[in-house]
Amino acid sequence: MAIKTIEFEDGGQDFLEWDIDETGKVVACRPFQGFVWVGALVHLDTLALGEAPRITPKSGREMRLRYRVIRIEEAAR
């Protein structure tokens, strides 16, 4: 299973990095709020550097994040 780490710009939020699987599902969140974001789905067609991706959180209501992606890389295993 391929895992990617995405890092978000720091806007004062409680999360800065997510690990996502090949389907876009958030499998880890750092440093805080894993209970909120793990299980959310990142819409991979909107995942790009400098962009704020669309996601579907566990609540099921699609939204666009406020924070832009500043790094995407294969996660260290």
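Right above here is the structure, for reference.
### Let's talk about unusual backbone geometry
Argument step 1. With an omega of -5 degrees, the peptide bond running from arginine 30 to proline 31 counts as cis.
Argument step 2. Structurally, proline 31 is set in strand β3 (residues 26-31).
Argument step 3. Phi at glutamine 33 takes a positive value of approximately 70 degrees, unusual for a residue other than glycine.
Argument step 4. Along the chain, the position of glutamine 33 falls in the loop between β3 and α1 (34-37).

### Some points on the side chain of aspartate 21
Argument step 1. When you line up the elements, aspartate 21 lands in the loop between β2 (15-20) and β3.
Argument step 2. If near-sequence neighbours (up to four positions away) are discounted, aspartate 21 is found in contact with Met1, Ala2, Ile3 and Val27.

### Brief notes about the nonpolar core
Argument step 1. Judged by nonpolar contacts, the single largest core of 15 residues is most densely connected at Phe8, Phe15, Trp18, Ile20, Trp37, Val42 and Leu65.
Argument step 2. Elements represented by at least two residues in this core include exactly β1 (4-8), β2 and β3.
Argument step 3. Beyond its immediate stretch of four places on either side in the chain, tryptophan 37 contacts Phe15, Trp18, Val26, Cys29, Ile55 and Leu65.

### Some thoughts on the sheet that holds strand β7 (residues 69-74)
Argument step 1. Overall, antiparallel pairing links the four strands, which are arranged β3-β2-β1-β7 in an open sheet. The open sheet is flanked by β3 and β7, the only strands paired with a single partner. The mean angle between the axes of side-by-side strands here comes to 20 degrees, regardless of whether they run parallel or antiparallel.
Argument step 2. By the bridge criterion, five bridges tie β2 to β3 in an arrangement that is antiparallel. Bridging across to β3, tryptophan 18 finds its partner in cysteine 29.

Quick notes on the rules
- Residues numbered from 1 in each chain as written.
- Predicted model: local features only at pLDDT ≥ 70, side-chain atom pairs only at ≥ 80, totals over all residues.
- Heavy atoms only, no water.
- Helix = DSSP H or I, 4+ residues; strand = E, 2+ residues; numbered from the N terminus.
- Contact = heavy atoms within 4.5 Å.
- Core = buried A, V, L, I, M, F, W, Y, C linked by side-chain atoms within 4.5 Å.
- Buried < 20%, exposed > 50% of the residue type's maximum accessible area, 1.4 Å probe, protein only.
- Pairing = 2+ DSSP bridges.
- Axes fitted to C-alpha atoms, helices over the stretch in contact; angles between N-to-C directions.

All quantities given are derived from atomic positions and should not be read as evidence of function.
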